[in-house]
Amino acid sequence: MTDLASSPAQQAPEPPGADPGWHRLHPRMLLVHPVQEVLRAFPALLGAFVAGSRSGNGDRWTLLVLAAAVALGVAKWFTTTYRIGGEQVQVRRGLVTRRVTSVPRDRLRTVDVTSHPLHRLLGLARVEVGTGLSDRTDERGLRLDALGAQEAARLRGELLHRAGPAQAEAAPTRPETVPEADPETELARLRPEWVRFAPFTLSGLVTIGVLVGFVSQRLNEAQLDPARFGPLQALAGQLSERPLWVVLFGAVAGLVALATVASVGGYVLAFWGFRLTRHPGGTLHVRRGLLTTRETTLEERRLRGVEVSETLLLRLVRGGRCLAIATGLRVGRGAERGGSLLLPPAPLAEARRVAAAVLGRAAPVDGPLLRHGRGAARRRYTRALAGAAVLLAAVGAGWRWLGLPGWLAAVALAGLPVAWALAADRYRNLGHALVDRTLVIRWGSLVRRRCALDTDGIIGWNLRQSFFQRRAGLATLTATTAAGEQHYAVTDVPAATAVRLADEALPGLLTPFLR
Amino acid sequence: MQRAEPGGEEQGRGEQPAADEKPAATDLRPPRHRVSRMAIWYWTVRALLGWLVLAGGQLLWWALDPGNAGWHGSWLLVTVLVGGVHLLVMPRWRYAVHRWEATPHAVYTQSGWFSQERRIAPVSRIQTVDSERPPLEQLFGLADVTVTTASARGPLRIHALDADTAQRLVDELTASTSAGRDDAT
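Predicted model only: the values in this text are computed from it and were never measured.

A.B. asks: Any chance you could explain the environment of Gly47(A) here in plain terms?
C.D. replies: Position of Gly47(A) relative to the elements: it lies in helix H2 (residues 42-55). For the pair Gly47(A) and Ala357(A), spaced 310 residues apart in sequence, the C-alpha separation works out to 57 Å.

Structure below.
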């Protein structure tokens, strides 16, 4: 989209050094690029070494590949230049194929600054300029790897806060006279004791799962059988002598311990030094990371709301996280939520405070919500219990006639009270409100979420009624939006309430269609 | 988006619990226009094709396993009965439900049969207006109109309009949306 093939007009004939608009990356990248290239060329190096040692002059071949990689890295620095123009940000790169990537400045949505450990050692930072949509790939965005840390910070400020001359004039109140003072106001800062919330996320289990998958795949590829591994055999032998419950208990305890360590480690690595600030130029900044530091920026004019979400585990310890609902920012998966994270798992009160601060008003975050009524409750119980009952009937029939073990039926029987509790919780958490021009919706049990969506961000309504909802006089009202998850639903409210809510949230839109 | 300013006359709207307020009107009327009458036949034929595939599969199985005539026959009978009821009920029910309306300010659709859905989008938030004529619809002289907004959820689809109406609607909507100014998010 924003990529332009290098055209003759953009390929200035003179060398970049002679062109005042074009800059090079930081000179210290002359150290980083060769290291990166050598790492990338590692398989080739290995191949050269092996092939060479057979023919007797392995060192020479290895050195040749090494020199080529280093030369490539050095050439990268000499061939990459960038220019911050009045209308466009451009990067030229490529040794053989010259490419010019241009991003119009008014399309510019995000500027992310990342420093890997090697960067940090040398005082460098990588700048990624995105157009907002799905800008995680090299193709669409524009990446400067890397500039000096100060230069990167300056560039970010310049790109985001002086988006165009018109905007600079429209905001004359900016304190140009005191640029030295930090103009940002701090909204949140990570406190070390919040690490206690890390074990109550599932990130540790996910990490372990990924590790196990990785290791087993490697073992498969190497055709190693772990059962033939001596110490493991001995362990298995010992375990088989113990009673089953001891083994199970030990396994669960070990898993919990591992998951705790992994999640705490992940939390510290990702969120250490987390800081959320607001810049008067109209952006929110997030800074975080222990080894690799990341700074992401979110334009407030793209913000359509906030979300406070609590998983069931986090609810046990009264914790929650806070996310931004913004256009052009997909809600990602994983602990970082694709850049929309405004606060990592933290005390719930803190998550609410941050949400209110970002939104600029507290009522949507803290205010009371309207219950959805008896019809919604009945549907919660019917669904949960019907599911559990069908499962119980199936397992029971299997036990009676197919000889399934009895404990399976017992587990299915225990599913009934669990389903009951789930339904009760799901109903208790359902709620909505319209306050301060904000549509507030809360739902969910395993993950309870409270979304506050600015009514300006609502771009349509879907009013859905299934056959059973029509019989019960209920409807599900979905607000569609360009931000976040694209749609937010008020589930199972009385049909009249749904229409009234839609009418009040966007006055005038429904008027010609009302009876 | 002027979120920072306090909201003028709209400030505080909705602060009372909605249940207390006496509403002027709390019921949406259906959209004004029905879709083309040919839609009934179009939906019938489309559903029939699906049922024929299923019945054909059953016949094939019967041919490959000629033994259990009773078993195969009864399942085929079930398919024919359920399919027949579906073919009789669904298109007429759908025709009764499917409606649409476009004003200078909003597009309003109603669709579905067993589950029904009404969608409303302000014209100012419309991003694209497409009309489409799949082969089967061409046979019946029909066309679909799809109105998308910046949300990935919630395109408004008006199925089975007669082709002239569809063209007129597209022209009308294109004219009124081209007056918009921002990026409609």
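A.B. asks: Which parts of the structure should I look at to understand the pairing of strand S12 (residues 293-299) of chain A?
C.D. replies: Working note: regular strand, side chains alternate between the two faces of the sheet. Residue and element names in this part refer to chain A. Pairing of strand S6 (residues 110-115) with S12, which is carried by three bridges, proceeds in the antiparallel orientation. Note on S12: the bridge partner recorded for Val 113 is Glu 295. With six bridges connecting them, strand S11 (residues 283-288) and S12 associate as antiparallel partners. The partner of His 285 across the bridge, within S12, is Thr 297. The hairpin formed by S11 and S12 contains four residues between the paired strands, and Gly 289 there has a positive phi angle of roughly 115°.

A.B. asks: Would you take a moment to explain the packing of aromatic side chains for this structure?
C.D. replies: Under the criterion given, the structure shown has 12 aromatic pairs over all chains. Judged by centre distance (5.3 Å) and plane angle (70°), the rings of Tyr267(A) and Phe271(A) are edge-to-face. Taken together, the residues span about one helical turn, with Tyr267(A) and Phe271(A) both in helix H9 (residues 244-271) at a distance of four residues. Taking the relative accessible area as the measure of exposure, Phe271(A) reaches 3% and is therefore buried. Plain terms: the ring middles of Phe513(A) and Tyr108(B) are 4.5 Å apart, the flat faces sit at 45° to each other, and that makes the pair tilted. Residue Phe513(A) is located in the segment after helix H16 (495-505), and its partner Tyr108(B) is located in strand S3 (residues 106-112); the two belong to separate chains. Residue Phe513(A) shares its accessibility class with Tyr108(B), and that shared class is buried. A cation over an aromatic ring shows up here: Arg24(A) above the ring of Trp77(A), its NZ or CZ 5.1 Å from the ring centre. The ring of Trp22(A) has Arg92(A) lying over it, and the distance from NZ or CZ to the ring centre is 3.8 Å.

Rules and cut-offs
- Residue numbers restart at each chain and count upward from 1, following the sequence in its written direction.
- Just so you know, chain letters begin at A and ligand numbers begin at 1, following the order they were written in.
- For this predicted model, a pLDDT threshold of at least 70 governs which residues receive local features, and a threshold of 80 or more governs which side-chain atom pairs are given and counted, while totals over whole chains, interfaces and linings are taken from all residues.
- The basis for every side-chain value is the complete set of heavy atoms in the structure, and neither hydrogens nor water enter the calculation.
- Labels follow the DSSP assignment, with helices taken as runs of H or I lasting at least four residues and strands as runs of E lasting at least two, numbered in each case from the N terminus.
- Should DSSP find at least two bridges between two strands, the strands are regarded as paired.
- Two rings from Phe, Tyr or Trp (for Trp, the six-membered ring) form a pair when their centres sit within 6.5 Å of each other. Planes less than 30 degrees apart are called stacked, planes more than 60 degrees apart edge-to-face, and all others tilted.
- For the exposure calls, accessible area comes from a 1.4 Å probe over protein chains only, and a residue counts as buried if that area is under 20% of its type's maximum, exposed if over 50%, partly exposed in between.
- Charge-over-ring contacts are defined here by two conditions on Lys NZ or Arg CZ: a distance within 6 Å of the ring centre and an angle within 35 degrees of the ring normal.

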